Amino acid sequence: LKMIRWLGHSAFEITTSNDKSILIDPWIDNPSSPIRLDDISKADLVLVTHDHFDHVGNTVDICKRTNAVVVTNPETANKLSRSGVKKVIGMNIGGSIEPMDGVKVTMVQAFHSSESGCPAGFLLHIDGKIIYHAGDTGIFSSMELLGDLYDIDVALIPIGSVFTMDPYQAAKSLRLLKPDVV
Ligand code: NI
């Protein structure tokens with residue numbers, strides 16, 4: 001694991017030790033993003049937690065220019081397919097896949113809504129580390145189960161309130177998830 005970079009909002013870029021580039025919820029047009037869409041010349045894997053514009057974001061554009069594989073819920077995967085994304089993999093909560101060598105993706109629940117399919121979070125197993133991206137969610141007690149099942153190294157969680165949990169709930173969620181770094 002070489003780098004985890006916040007791209008504003010819920011968007012993150014993860015670079016693996018062999019320089020594979022993973023984007024999560026790539027809404028690169030968001031006001032806090034340190035980069036512009038044109039800066040993305042390479043992406044290998046795109047993960048979309050749920051179908052809201054600020055999470056699907058620039059997925060279609062990015063996949064058309066980079067030929068990246070998208071992993072998301074089956075219904076959103078179908079929708080992206082119809083929008084011209086060539087490589088889509090649908091999966092559902094509880095499942096794990098290995099969309100590229102050395103990168104395992106586990107889909108877990110999130111309490112939220114989605115224009116298609118079911119909202120989710122992701123656990124990424126990369127280079128012996130476990131990264132949890134919660135997507136948009138409120139706090140839920142099964143976060144304790146996730147913390148028991150997985151030795152989470154890094155947790156990426158929302159604190160926005162209104163549409164997700166707020167800082168008060170998010171602080172408590174960390175006692176359940178027990179990550180090393182948040
Ligand atoms: Ni949302």
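Along each chain, numbering runs from 1 in the same order as the chain's sequence is written. Only residues with pLDDT of 70 or above have their local features reported here, since the model is predicted, and side-chain atom pairs are shown and tallied only from 80 upward, although totals for entire chains, interfaces and linings are computed over all residues. The basis for every side-chain value is the complete set of non-hydrogen atoms in the structure, without hydrogens or water.

Q: Mind showing me how you'd approach the overall build of the protein here?
A: Secondary structure elements are taken from DSSP: a helix is a run of H or I of four residues or more, a strand is a run of E of two residues or more, and numbering for both begins at the N terminus. The helix and strand inventory of the protein stands at five helices and 11 strands. C-alpha atoms of the protein, sized along the principal axes, occupy 40 × 35 × 30 Å. Scored against the burial criterion, the 182 residues of the protein give a buried share of 52%. Counting contacts in the protein only where the partners sit at least 6 residues apart, residues at least 24 apart contribute 47% of the total. Per-residue accessibility takes into account occlusion by the displayed protein chains alone, with areas from the Shrake-Rupley method and a 1.4 Å probe. Surface summary for the protein: the accessible area is close to 8,500 Å², and the carbon and sulfur share equals 51%. Relative accessibility thresholds used throughout: buried, under 20% of the residue-type maximum; exposed, over 50%; partly exposed, between the two (1.4 Å probe, protein chains only). Contacts are residue-level and defined by heavy atoms, with any inter-residue pair within 4.5 Å sufficient.

Q: Would you explain the pattern of salt bridges in this entry?
A: Take a side-chain nitrogen of Lys or Arg and a carboxyl oxygen of Asp or Glu: if they are within 4 Å of each other, that pair is a salt bridge. What the rule picks out here adds up to six salt bridges. For D148, the salt bridge is made with K178, and the minimal N-O distance between the two is 3.5 Å. Residue D148 is found in helix α4 (residues 143-149), and its partner K178 is found in the segment after α5 (167-177); the two are separated by 30 residues along the sequence.

Q: Just to check I follow, could you spell out the layout of surface pockets for this structure?
A: Gaps left between atoms are located by rolling a probe of water-molecule size over the structure's atoms. For the largest pocket, the calculated volume is near 300 Å³. In this structure, the largest pocket is lined by 17 residues; those nearest its centre are H9, S10, D136, P158 and I159. Residues of the lining of the largest pocket, tallied by class, amount to seven nonpolar, eight polar and two charged. Computed over the protein atoms alone on a 1 Å grid, cavities are sets of points where a 1.4 Å probe fits but cannot get out and pockets are open sets with protein on both sides within 12 Å along at least five of seven lines; a residue lines them when it has an atom within 4 Å of a point. Grid points are joined across faces, edges and corners, and a volume is the space filled by probe spheres set on the points. Residues are sorted three ways: Asp, Glu, Lys and Arg are charged, Ala, Val, Leu, Ile, Met, Phe, Trp, Tyr, Cys and Pro are nonpolar, and all the rest, Gly among them, are polar.

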